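Working through the structure, step by step
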Amino acid sequence: LDLIKKEDPQLIIHLAALPLANLSFDVSQEAYTSIFGSTYNLLESIRICNPKIKFVFASSSMVYGNFIGKEAFESDPLKPLSNYGAAKLSGEVLVRGFSSSYQISSLIIRPSAVYGPGDQNLRVLQKFVNEGFKKGKAKVNGKNLVLDFTYIDDICNGFFLAAEKLNLERKPIFEIINCTSGDPVSLEIAVNSIKKHFPDLQVDFLPSDPRVPIRGGLNLKKAKSFLGYKPQYKF
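Below you will find a few notes about this structure.

**Focus: the overall build of the chain**
Scanning the chain from terminus to terminus reveals 7 helices and 12 strands. For 235 residues, the compact-globule formula gives about 18 Å, and the C-alpha radius of gyration of the chain, at 18 Å, lands near that figure. If you line up the chain on its principal axes, its C-alpha atoms span 55 × 35 × 35 Å. The buried share among the 235 residues of the chain stands at 45%.

**Notes on the pattern of salt bridges**
Evaluation of the coordinates by the stated rule reveals 7 salt bridges. Note that Glu131 is salt-bridged to Lys134, the shortest N-O span being 3.2 Å. Taken together, the residues span about one helical turn, with Glu131 and Lys134 both in helix H4 (residues 124-134) at a distance of 3 residues. A salt bridge links Lys165 to Glu169, with the shortest nitrogen-to-oxygen separation between them at 3.4 Å. Residue Glu169 is classed as partly exposed on the basis of its relative accessible area of 27%.

**Quick notes on unusual backbone geometry**
A positive phi is found at Asp8, a non-glycine position, where the angle reads about 50°. Topologically, Asp8 is positioned in the loop between helix H1 (2-7) and strand E1 (11-14).

**Quick word on the packing of helix H2 (residues 28-49) against helix H3 (residues 83-102)**
In a pair of packed helices, the angle between the axes and the distance between the axes together describe the arrangement. Where H2 meets H3, the closest approach of the two axes is 9 Å, and the angle between their N-to-C directions is 10°. By the criterion of interaxial angle, the relationship of H2 to H3 is roughly parallel. Between H2 and H3, the contacting residues are Ser28, Ala31, Tyr32, Ile35, Phe36, Thr39, Tyr40, Leu43, Glu44 and Arg47 on the first element and Asn83, Tyr84, Ala86, Ala87, Lys88, Ser90, Gly91, Leu94, Val95, Phe98 and Tyr102 on the second. Here the residues of the contact of H2 with H3 sort into 13 nonpolar, 5 polar and 3 charged.

**Let's talk about the layout of surface pockets**
Of the voids in this model, the second largest pocket is the one considered here, and its volume is about 160 Å³. In terms of lining, the second largest pocket is formed by Tyr115, Gly116, Pro117, Gly118, Asp119, Gln120, Leu125, Gln126 and Val129. Class assignment of the residues belonging to the lining of the second largest pocket gives a composition of 4 nonpolar, 4 polar and 1 charged.

**Describing the packing of aromatic side chains**
Enumeration over the complete set of coordinates arrives at 9 aromatic pairs. When the centroid spacing of 4.6 Å and the interplanar angle of 50° are considered together, the rings of Tyr151 and Tyr233 count as tilted. You can see Tyr151 sitting in strand E8 (residues 150-151) and its partner Tyr233 sitting in the segment after helix H7 (221-227), a full 82 residues away along the chain. Through pairs of rings, three or more aromatic residues link up here, namely Tyr115, Phe149, Tyr151, Tyr233 and Phe235. When the ring centre of Phe205 is taken as reference, the NZ or CZ atom of Lys143 above it lies at 5.5 Å.

**Quick word on the environment of Leu187**
Its place among the elements puts Leu187 in helix H6 (residues 187-195). A sequence separation of 45 residues divides Leu187 from Gly142, and the C-alpha atoms of the two residues are 7.2 Å apart. Residues contacting Leu187, with those up to four places away along its chain left out, are Val124, Val140, Asn141, Gly142, Lys143, Leu145, Leu147 and Phe149.

**Here we look at the environment of Cys49**
Inspection of the secondary structure assignment puts Cys49 in helix H2. With a relative accessible area of 29%, Cys49 lands in the partly exposed category. Residues Cys49 and Leu1, spaced 48 residues apart in sequence, show a C-alpha to C-alpha distance of 7.7 Å. Leaving out residues up to four positions away in the same chain, Cys49 has contacts with Leu1, Ile4 and Lys5.

**Focus: empty space enclosed by the protein**
Over the atoms a probe the size of a water molecule is rolled, and this reveals where empty space is left. The final tally for this structure, using the stated rule, is 1 cavity of 30 Å³ or more. Here the largest cavity is characterised by a volume of approximately 30 Å³. In terms of lining residues, the largest cavity is bounded by Tyr64, Asn66, Phe67, Ile68, Ala72, Asp76 and Pro77. Split into classes, the residues belonging to the lining of the largest cavity amount to 5 nonpolar, 1 polar and 1 charged.

**What about the packing of H4 against H6?**
Here H4 crosses H6 at 35°, and the two axes come no closer than 10 Å. Crossing handedness for the pair H4 and H6: right-handed. Contacts between H4 and H6 involve Val124, Leu125, Phe128 and Val129 on the former and, on the latter, Leu187, Ala190, Val191 and Ile194. Classifying every residue of the contact of H4 with H6 by side-chain character gives 8 nonpolar, no polar and no charged.

Rules and cut-offs
Residues numbered from 1 in each chain as written. Predicted model: local features only at pLDDT ≥ 70, side-chain atom pairs only at ≥ 80, totals over all residues. Heavy atoms only, no water. Helix = DSSP H or I, 4+ residues; strand = E, 2+ residues; numbered from the N terminus. Rg over C-alpha atoms; globule rule 2.2 N^0.38 Å. Buried < 20%, exposed > 50% of the residue type's maximum accessible area, 1.4 Å probe, protein only. Salt bridge = Lys/Arg side-chain N within 4 Å of Asp/Glu carboxyl O. Axes fitted to C-alpha atoms, helices over the stretch in contact; angles between N-to-C directions. Parallel < 35°, antiparallel > 145°, perpendicular 65-115°, else oblique. Contact = heavy atoms within 4.5 Å. Nonpolar A, V, L, I, M, F, W, Y, C, P; charged D, E, K, R; others polar. 1 Å grid on protein atoms, 1.4 Å probe; cavity = no way out; pocket = protein on both sides within 12 Å on 5 of 7 lines; lining within 4 Å. Points joined across faces, edges and corners; volume = space filled by probe spheres on them. Phe/Tyr/Trp six-rings, centres within 6.5 Å; stacked < 30°, edge-to-face > 60°. Lys NZ or Arg CZ within 6 Å of the ring centre and 35° of its normal. Left-handed = near helix turned anticlockwise from the far one by under 90°.

And the structure:
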């Protein structure tokens, strides 16, 4: 609250959260504190300080749970399987409620499987590459699981376009938008692509974790039409 009073921002992009879905299984309290709690604190501070502050919330494709088709649409049912997905969905519900009650202009962005330089959070692609450098073994939980891997530059551009859209809109708006590469691939394809660069990498295919939803691509029609989003990087 004090920080927002001091800085008096026009717009807030809320990225703060426990960044790993699997880690939320072991530290569920931190997952909810960092995702749900921080979202409430920011929205409440906006309500108190200035409801005209625009708000962008980083959600997740994990809110869908098991995809009902090969790609997920923003209107699909939301049935998260994990603590992480549930916390992100709880954050979305907060944003919707505050936006409706106090006319706070808000956009919710749903990314998926972000990767790229600077990632030190041991997401799946980073773990595969690390094992490649060590000439070790990549453990793949569910080789047929499909993810819409999204390069960091694309998702950053998505958030930039969301901020730009909010600043251009004069009336309060609330929208939920998928923002990914639109080029989903299986974990088997992903690890074999990495293996081309690390021939000594061993691969161990294991059963998938039942707590991890069956996913796929995210439909980008709304992102393209509403934000002018055009992903530049295929997997």
